[in-house]
Amino acid sequence: MNNRVLGMVYQWQTLLFESRYSNTTPGRKTDFPKLIEAFGGHGYSANTMEEFKVAYQDALKQEGPSWIDCHISREDLVLPMIHNGKTVDDIIYE
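First things first, this report covers the structure right here in the doc.

What counts, and at which threshold
- Residues numbered from 1 in each chain as written.
- Predicted model: local features only at pLDDT ≥ 70, side-chain atom pairs only at ≥ 80, totals over all residues.
- Heavy atoms only, no water.
- 1 Å grid on protein atoms, 1.4 Å probe; cavity = no way out; pocket = protein on both sides within 12 Å on 5 of 7 lines; lining within 4 Å.
- Points joined across faces, edges and corners; volume = space filled by probe spheres on them.
- Helix = DSSP H or I, 4+ residues; strand = E, 2+ residues; numbered from the N terminus.
- Nonpolar A, V, L, I, M, F, W, Y, C, P; charged D, E, K, R; others polar.
- Buried < 20%, exposed > 50% of the residue type's maximum accessible area, 1.4 Å probe, protein only.
- Contact = heavy atoms within 4.5 Å.
- Pairing = 2+ DSSP bridges.
- Salt bridge = Lys/Arg side-chain N within 4 Å of Asp/Glu carboxyl O.

## So, the layout of surface pockets
- Here the largest pocket is characterised by a volume of approximately 360 Å³.
- In terms of lining, the largest pocket is formed by 17 residues, of which the most central are Asn 2, Arg 4, Arg 28, Thr 30 and Phe 32.
- Top element by residues in the lining of the largest pocket is strand E2 (residues 66-70). It accounts for three residues.
- Across the lining of the largest pocket, the residue classes tally to six nonpolar, six polar and five charged.

The structure is reproduced here in structure tokens:
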């Protein structure tokens, strides 16, 4: 899953620091499919679920490693999570 930012840090800054971002949007343009191909693997890029399904079916047919670069929104969150210093009683669900 590629949200093109430093995902977990960006998420913490969104949820816990009032969206004050620092060094989490590097603007990097790494082409991961080309990178895996440079190492002899098979690379795919998917922007939609349909593109992912096609890439996944093709990747299953390949010999060796495959990489599917799934582009998602930087606003998608990985939940649940527990804030640093908190307990399971303080889990963030949304």
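## Considering the environment of Ala 59
- Tracing the backbone through its elements, the reader meets Ala 59 in helix H3 (residues 49-61).
- The exposure class assigned to Ala 59 is buried, which follows from its relative accessible area of 15%.
- Counting along the chain gives 15 residues from Ala 59 to Tyr 44, while the straight-line C-alpha distance between them is 8.3 Å.
- Dropping the residues within four chain positions of it, Ala 59 is found in contact with Tyr 44, Ser 66 and Ile 68.

## Some details on unusual backbone geometry
- Residue Pro 80 is bonded to the preceding Leu 79 through a cis peptide linkage, with omega at 0°.
- Examined against the element boundaries, Pro 80 turns out to sit in the segment after E2.
- Even without a glycine there, the phi angle at Glu 18 is positive, about 50°.
- With respect to the element layout, Glu 18 can be found in the loop between helix H1 (7-16) and helix H2 (32-38).
- In this structure Glu 18 comes out as exposed when scored by relative accessible area, which is 68%.
- One non-glycine residue, Ser 19, lies in the positive phi region at around 60°.

## Looking at the pairing of E2
- The sheet contact formed by strand E1 (residues 42-46) and E2 spans five bridges and is parallel. Looking at the pairing, His 42 lines up with Ser 66 of E2.

## With respect to the pattern of salt bridges
- Applying the stated criterion across every chain, the model contains one salt bridge.
- Glu 18 serves as the salt-bridge partner of Arg 20, at 3.1 Å between the closest nitrogen and oxygen.

The values are spatial; any link to function lies outside them.
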